[in-house]
Amino acid sequence: MRKNKKVDVKKVAKLEVMNVIEKALIEAGYETSRGETYGMTEGTLIVGHDTCDIQIKPITPKAGVTRYEPIPDED
């Protein structure tokens, strides 16, 4: 019997968001490349800016957590 590999929903979500960000950056005239080309993690995006490269890396909440909780204001 063959087991189905579990889908990493956080990984899928990060890649979806980074694709939207990359498309917007390209439409704004920036050059982009994938971080894997530079030995970085999958999903990392490198943006060529006039003065320097910029790394954009998506990060999700820690294992077992799907949402970030805001810190309450202390009055």
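Cut-off values and rules
Residues numbered from 1 in each chain as written. Predicted model: local features only at pLDDT ≥ 70, side-chain atom pairs only at ≥ 80, totals over all residues. Heavy atoms only, no water. Helix = DSSP H or I, 4+ residues; strand = E, 2+ residues; numbered from the N terminus. Rg over C-alpha atoms; globule rule 2.2 N^0.38 Å. Buried < 20%, exposed > 50% of the residue type's maximum accessible area, 1.4 Å probe, protein only. Contact = heavy atoms within 4.5 Å. Areas by Shrake-Rupley, 256 points an atom, 1.4 Å probe, with all protein chains shown as cover. Lys, Arg positive; Asp, Glu negative; His and termini not counted. Salt bridge = Lys/Arg side-chain N within 4 Å of Asp/Glu carboxyl O. Polar contact = N/O pair within 3.5 Å; in protein donor to acceptor, adjacent residues only side chain to side chain. Pairing = 2+ DSSP bridges.

Trainee: Could you give me a rundown of the overall build of the chain, with the residues and numbers involved?
Mentor: What the chain contains, in helices and strands, is one helix and three strands. Secondary structure elements of the chain occur, N-terminal to C-terminal, as α-β-β-β. For 75 residues, the compact-globule estimate of 2.2 N^0.38 gives 11 Å, and the C-alpha radius of gyration of the chain, at 16 Å, exceeds that figure by more than 25%. Once the C-alpha set of the chain is aligned to its principal axes, its extents read approximately 55 × 45 × 25 Å. When burial is assessed residue by residue, the chain has 16% of its 75 residues classed as buried. The long-range fraction of contacts in the chain, counting pairs at least 24 apart against all pairs at least 6 apart in sequence, stands at 29%. As displayed, the chain offers around 6,800 Å² of accessible surface, 54% of which is attributable to carbon and sulfur atoms.

Trainee: Would you mind going over the side chain of E22 in detail, with residue names and values included?
Mentor: Mapped onto the elements of the fold, E22 is located in helix α1 (residues 9-27). The exposure class assigned to E22 is buried, which follows from its relative accessible area of 12%.

Trainee: Describe the side chain of K10, listing the residues and the values that go with them.
Mentor: Tracing the backbone through its elements, the reader meets K10 in helix α1. Of the side chains bearing the opposite charge, D8 lies closest to the buried K10, which forms no salt bridge; the N-O distance is 7.1 Å. A distance of 3.0 Å separates a polar atom in the side chain of K10 from the backbone oxygen of K62.

Trainee: Describe in detail the pairing of strand β2 (residues 45-48), supporting the description with residues and values.
Mentor: Two elements, strand β1 (residues 31-34) and β2, share four bridges in a ladder whose sense is antiparallel. Counterpart to E31 in the pairing with β2 is G48. Judged from the four bridges that link them, β2 and strand β3 (residues 53-56) form a sheet pairing that is antiparallel. Counted as the bridge partner of V47 is I54 from β3.

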